[in-house]
Structures are given as C-alpha cells and as structure tokens.
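Results of the structural survey
So you can see what is in the structure, the chains are spelled out below.
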Amino acid sequence: VRPQPPRSCEDYWWEWKHCRGLRHAFHHYYTHGELPACGRWREDYEACRAWERGRAAAAQVRPGRYRRAVWKLRKSPPPDWYLPLDENKSN
C-alpha cells in the first residue's frame, strides 16, 4: 500500500474556493465576527500537488489536522458511576 493524501487535491482546491466566496465570507463574518481564514486550504492544496509531483514526505497533508478532541478520554469510569443522577433535585 503506497501512502497518499487523505483526500484528492481537487477537494482542497474547491474548499479553498468555497471559503473565499462572498456568500461564505458574509455568513462567517455574521456568525463569528471575523472573516474566515482560508489560507490552510490553499496550503493543503499546494502540499497535495507537491506530494503528487515528488512524493516528498514534507509535503504530506496530515489527516487529523482539522479534527480536535472535544472531551478528554478517561482511562476508567468515575468512582460513583453507579449512583443515580441528580436530575429531579431542585437547587
């Protein structure tokens, strides 16, 4: 099995074009109060093309770059996991 980018290079190109579009920029500005940062999509597109041309290890696109962990994973359950929840108690 030979290594390859996680997505096709055209996917990165279209994501970059979409990110730079007026409609997306307006929606992002309205939602977040700032213009979207589209540079990463362009960098990933260029790295993907470099990978296709020369198979350079430095040009590999990291597949987990856009995913971030939301919760910290536990090694074991909490000590009181079997107790009932306090849903019906008033504060």
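This write-up is about the structure you can find in this document.

Thresholds applied
- Residues numbered from 1 in each chain as written.
- Predicted model: local features only at pLDDT ≥ 70, side-chain atom pairs only at ≥ 80, totals over all residues.
- Heavy atoms only, no water.
- Disulfide = S-S within 2.5 Å.
- Helix = DSSP H or I, 4+ residues; strand = E, 2+ residues; numbered from the N terminus.
- Buried < 20%, exposed > 50% of the residue type's maximum accessible area, 1.4 Å probe, protein only.

1. Some words on the state of the cysteines
Counted by the stated rule, this structure contains 2 disulfides. For Cys 9, the disulfide goes to Cys 48, at an S-S distance of 1.9 Å. Every disulfide takes its handedness from the sign of the S-S torsion; for Cys 9 and Cys 48 that torsion is -85°, giving left-handed. Of the two residues, Cys 9 is situated in helix H1 (residues 9-20) and Cys 48 in helix H3 (residues 39-54); the sequence distance between them amounts to 39 residues. Here Cys 48 falls in the buried class, since its relative accessible area comes to 1%. In this model Cys 19 forms its disulfide with Cys 38; the gap between the sulfur atoms is 2.0 Å. An S-S torsion of about -80° defines the bridge between Cys 19 and Cys 38 as left-handed. One end of the pair, Cys 19, is in helix H1; the other, Cys 38, is in the loop between helix H2 (22-32) and H3, with 19 residues separating them in the sequence. Across the pair, exposure class does not vary: Cys 19 and Cys 38 are buried alike. For the chain, the disulfide bridges join cysteines in the arrangement 1-4, 2-3, where the cysteines are counted in sequence order.

Keep in mind that these numbers describe shape and distance, not what the molecule does.
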